[in-house]
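Letter by letter, the chains look like this.
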Amino acid sequence: MTDKTAGGDVRLTGISKTYGSFTAVHPLDLTVPEGSFFALLGASGCGKTTTLRMIAGLEDPTTGSVFLGDRDVTDLPPYKRPVNTVFQSYALFPHLTIHENVAFGLRRRGIKSVKKQVDEMLELVQLGDKARHKPHQLSGGQQQRVAVARALINHPQVLLLDEPLGALDLKLRRQMQLELKRIQTEVGITFVHVTHDQEEAMTMADTVAVMNGGRVEQLGAPSELYENPQTTFVANFLGTSNLIEAEVAEAAGGEVVVTAADAKLRLPTARCATLPRTGGKLLVGVRPEKISLAHADDAGDISEGRNRFTGKIADSSFIGVSTQFVIDSPVCPELEVYVQNVERDPRLVPGAEVVLHWNPQHTFGLDAAMDIDAGVETVEETA
Ligand SMILES: Nc1ncnc2c1ncn2[C@@H]1O[C@H](COP(=O)(O)OP(=O)(O)OP(=O)(O)O)[C@@H](O)[C@H]1O
Ligand SMILES: [Mg+2]
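Notes on the structure follow. (Residues numbered from 1 in each chain as written. Chains lettered and ligands numbered in written order. Predicted model: local features only at pLDDT ≥ 70, side-chain atom pairs only at ≥ 80, totals over all residues. Heavy atoms only, no water.)

## Details of the overall build of the protein
Which entries qualify depends on this criterion: Only DSSP runs of H or I reaching four residues or more are called helices, and only runs of E reaching two or more are called strands; each is numbered from the N terminus. Each residue is placed in one exposure class: buried if its accessible area under a 1.4 Å probe, protein chains only, is under 20% of its type's maximum, exposed if it is over 50%, and partly exposed if it falls in between. Residue contacts are defined here by distance: any two heavy atoms, one from each residue, within 4.5 Å place the two residues in contact.
Helix and strand counts for the protein come out as eight helices and 20 strands. Seen along its three principal axes, the alpha-carbon backbone of the protein occupies a region of about 80 × 45 × 40 Å. For the protein, the residues scored as buried account for 49% of the 383 residues in total. For the protein, contacts bridging at least 24 residues in sequence account for 68% of all contacts bridging at least 6.

## Considering the packing of aromatic side chains
Spelled out, the test is: Here a pair means two rings of Phe, Tyr or Trp (six-membered ring of Trp) with centres within 6.5 Å. Their orientation is stacked below 30 degrees between planes, edge-to-face above 60, and tilted elsewhere. Here, a charge over a ring is recorded when the distance from Lys NZ or Arg CZ to the ring centre is within 6 Å and its angle to the ring normal is within 35 degrees.
Per the counting criterion, the structure on display carries four aromatic pairs. Aromatic pair F93 and F104: ring centres 4.7 Å apart, planes at 50 degrees, arrangement tilted. With F93 in the loop between β6 (83-86) and α2 (98-108) and F104 in helix α2, this pair connects stretches of sequence that are eleven residues apart. According to the relative accessible area criterion, F93 is partly exposed, its value standing at 26%. Its relative accessible area of 32% is what places F104 among the partly exposed residues. Centre to centre, the rings of F233 and F237 are 5.1 Å apart; their planes meet at 15 degrees, and the pair counts as stacked. Here F233 and its partner F237 are both found in helix α8 (residues 232-237), four residues apart, which amounts to about one turn of the helix. Overall, F233 belongs to the buried group, its relative accessible area being 5%. For the cation-ring pair, R11 lies above F67, with the distance from its terminal atom to the ring centre recorded as 4.4 Å. The cationic tip of R287 hangs over the ring face of Y226; the distance from NZ or CZ to the ring centre is 3.8 Å.

## Overview of the site of ligand 1
The criterion, for reference: For this description, a residue counts as near a given molecule or strand if any of its non-hydrogen atoms is within 4 Å of it. Pairs of N or O atoms within 3.5 Å make up the polar contacts considered here, provided that, within protein, one atom can donate a hydrogen while the other can accept it, and that residues adjacent in sequence are counted only when both atoms are side-chain atoms. Under the convention used here, a 1.4 Å probe and the Shrake-Rupley method define accessible areas, while residue burial counts only the protein chains that appear. Only Asp, Glu, Lys and Arg are considered charged, only Ala, Val, Leu, Ile, Met, Phe, Trp, Tyr, Cys and Pro nonpolar, and every remaining residue, Gly among them, polar.
In the vicinity of ligand 1, the residues found are Y19, F22, A24, A43, S44, G45, C46, G47, K48, T49, T50 and E163. The backbone of G45 places a nitrogen or oxygen atom 2.8 Å from an oxygen atom of ligand 1. G47 has a polar backbone atom sitting 3.0 Å from an oxygen atom of ligand 1. When ligand 1 sits alone it has 640 Å² of accessible area, and the protein chains cover 59% of it. A total of three residues in the shell around ligand 1 trace back to one element, the largest contributor, which is helix α1 (residues 48-56). Of the residues that constitute the shell around ligand 1, the class distribution is five nonpolar, five polar and two charged.

## Side note on the environment of L12
As for its position among the elements, L12 is in strand β1 (residues 10-19). Separated by 20 residues in sequence, L12 and V32 place their C-alpha atoms 8.7 Å apart. Residue contacts for L12: discarding those within four places in its chain leaves L28, D29, L30, T51, I55, S65 and V66.

## Section: the pairing of β1
Rules: Pairing between strands requires that DSSP locate at least two bridges from one strand to the other.
Bridging between β1 and strand β4 (residues 63-68) involves five bridges; their strand directions are antiparallel. Counted as the bridge partner of S16 is T63 from β4. Pairing geometry for β1 and strand β2 (residues 22-32), over seven bridges, is antiparallel. The residue bridging K17 from the neighbouring strand is V25, located in β2. Between β1 and β2, which pair antiparallel in sequence order, lie two residues; one of them, G20, sits at a positive phi of approximately 60 degrees.

This is how it looks when you write it as structure tokens:
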């Protein structure tokens, strides 16, 4: 790994892009730490590629500046920036061998003895035995690795990747995610990776910036985004959240008490993204895997101090490691609950009356003025 510098490797200050009257990227401040794997995540059209192209110099920002290290590169043309880009269509030269494809950047700079460096790069991407092949003799994943080797051989300060795995099938994509992560750890170069796949971003990145409508909604480590979403968009876009419309009954000390239908729920004040006020509204969130289900006949066995309310199983699907239930309740329609298949209760079938319960610590609070469904439709897997 390279040394971390306080300045950060890529710094965007007030950067924006408008096309006529349309704003593709709103003024944005972003620092990508040196040596990190950084993901820009968001649905189609949210401004990911535009942001990446402004870093690469392929797009002029309407406002703002791009810094690489301490250097302002805003006015530099792409080829003068210490940056390389890998696109979804890897565009290898079909008539050149893999060796020559990787050597291309060195040859263009007039470097004659390239063999050692090319061999090293091909080892790095585990294609040492394919040097004499042509691109069409390689699988999609192998071609993608050639594209990465071809970019890395120039020793860029930053590697930009725009949906590089988009053309691969799901299984190969999963493999390549781990492979890219390994390569990044090995070379220690800053990677900025654009994707619309939340699982991909969470698997690979140290830090994820979630974009929505040309803005960064939230930025943080994957676990931080998942456990403490600050907006309904992030709560719904990263995994699944149950969001319950509730009224604040008490907000004192470290705990907030809310009511929703006939239920009284508690949550830590520290997990509220907005200041809860007594009498005000709050969206109360809980992830599906945090909730336990008890058959109504066993309600007496649930320990004190847990959040709980009753509902009815509307649907259930067995998916191997877990069973995913949809529960209808006056507290909230269509709650999702994931139960690990350890000891399956045969009574938990559609129509059964159940009690949902969970540790109040696993509850978060969001501003009730936000759109409760933001980010829901976009979560679908497009692979
Ligand atoms: N040259 C252009 N002229 C006008 N509008 C543009 C231009 N380039 C991009 N846009 C618009 O800017 C918005 C952001 O585009 P961008 O390509 O950055 O999205 P994206 O997040 O990369 O999406 P995707 O996941 O589909 O690649 C889109 O609404 C797009 O239509
Ligand atoms: Mg794009």
